[in-house]
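A structural walkthrough
The chain contents come next:
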Amino acid sequence: MHHPSHLLPTAIAVLLAFGCKSAPPPMQNSAPAPSMEGVPRPFGEHPVVAGLGTASDGARPAVATLPASVLTSANSSPDPLPQAFASARQTMSAQQIGRIIDRPIPFPPERVAATRKYIAAHYAPEHQGTGDSGIEFEPRMIVLHCTEVGSLQATLNTFSGTKLPAARSEIASGGDLNVSSQFVVDQDGTIYRLMPENRMARHTIGLNLSAIGVENVASDERHLQSAQAAANAWLVRHLKERYPKIEYVIGHHEYGRFRGSGLWWEKDPRYFTHKKDPGDAFMQAVRAQVRDLRLSSNP
Ligand SMILES: [Zn+2]
């Protein structure tokens, strides 16, 4: 996330810079979480609430489905998870797996116009948005983030305005379109879709017309959870099914690798900020669960 830590005194900002920690490993004598093994798969066809869908089918509330085989492979990865996320599959309830809840942020015409303006200012004429609105794109990549804001509601509040708050001085030179992401995953692994998946969100410099952004609610006090890693893995798998041209999944802290690549369309070479979210441990946990998709982390 382009987090608002500059709003805070420096000492707190320094703490927040390390806000997206992994949850500590479970205590040895704690009661084991209920295993997914014992939970019957509730659906032969897995329901996904898909009201927002893509920008072109956004007006059509629908229930999409994923074949059971997708879930089966998601849950049968033999790869060991890093310690902090070892209970990932056990902590997602059967209800949470396979659900996307639409929680659209306001997208008035002014926000469409501001997005078009951002695209025109930052990306070359040959790399522009598509669709009637001029702000759609074909996803090639997924970028995972950590909000460094401790609640879902605070995250939604941050994203809901059209204009970037004046205090966001570190990215103000990039224009006044507010930041957002297509998805937010709450601490319990619940997945919220904030805007159509193929409509541009301002979440990662250089890659906004290549990448779908997924924010994870976490802060210094509320660490990233194994349920979030599992939900991210499920979402990556779902999006790869939906957009076969997705070839990459990266953490925001890894995005600099793509400078100069064919997916990096930012015109201003000086427009770049260093990021630490969501961190290596979280990326390892997610990648371990989607290894079979052979998504790359490098250009
Ligand atoms: Zn980020």
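Before reading further, recall that the structure is shown in the block above.
Worth saying up front: this structure is predicted, and the values here are computed from it rather than measured.

Turning our attention to the sheet that holds strand E6 (residues 191–193). Across the sheet, which stays open at both edges, the six strands sit in the order E3-E6-E5-E7-E4-E8 with mixed pairing between neighbours. With one partner strand each, in any of the chains shown, strand E3 (100–102) and strand E8 (248–251) form the two edges of the open sheet. Across the sheet, the axes of successive neighbouring strands diverge by a mean angle of 25°, strand direction being ignored. Direction of pairing for E3 relative to E6: parallel, over a ladder of three bridges.

The next point concerns the nonpolar core. Generally speaking, a soluble globular protein has its nonpolar side chains buried in company with each other. One finds Met-141, Ile-142, Val-143, Phe-183 and Val-286 to be the most contacted residues of the largest nonpolar core, which totals 54 residues. Those elements giving two or more residues to this core turn out to be helix H4 (109–122), strand E4 (141–144), strand E5 (183–185), E6, strand E7 (211–216), helix H7 (226–242), E8 and helix H8 (280–289). Top contributing element to this core by residue count: H7, with eight residues. Those residues in contact with Val-143, other than ones at most four positions away along the chain, are His-203, Thr-204, Leu-207, Ala-211, Gly-213, Ile-250, His-252 and Tyr-255.

It is worth spelling out the pairing of E8 at this point. Residues Tyr-248 and Ile-250 point to one face of E8 and Val-249 and Gly-251 to the other, with burial holding for every one of them. Bridge count for E4 against E8 is four bridges, and the pairing is parallel. Opposite Met-141, over in E8, you have Tyr-248 as the bridge partner.

Calculation notes
- Residues numbered from 1 in each chain as written.
- Predicted model: local features only at pLDDT ≥ 70, side-chain atom pairs only at ≥ 80, totals over all residues.
- Pairing = 2+ DSSP bridges.
- Helix = DSSP H or I, 4+ residues; strand = E, 2+ residues; numbered from the N terminus.
- Axes fitted to C-alpha atoms, helices over the stretch in contact; angles between N-to-C directions.
- Core = buried A, V, L, I, M, F, W, Y, C linked by C-beta atoms within 7 Å.
- Buried ≥ 20, exposed ≤ 12 C-beta atoms within 10 Å, placed from the backbone.
- Contact = placed C-beta atoms within 7 Å.

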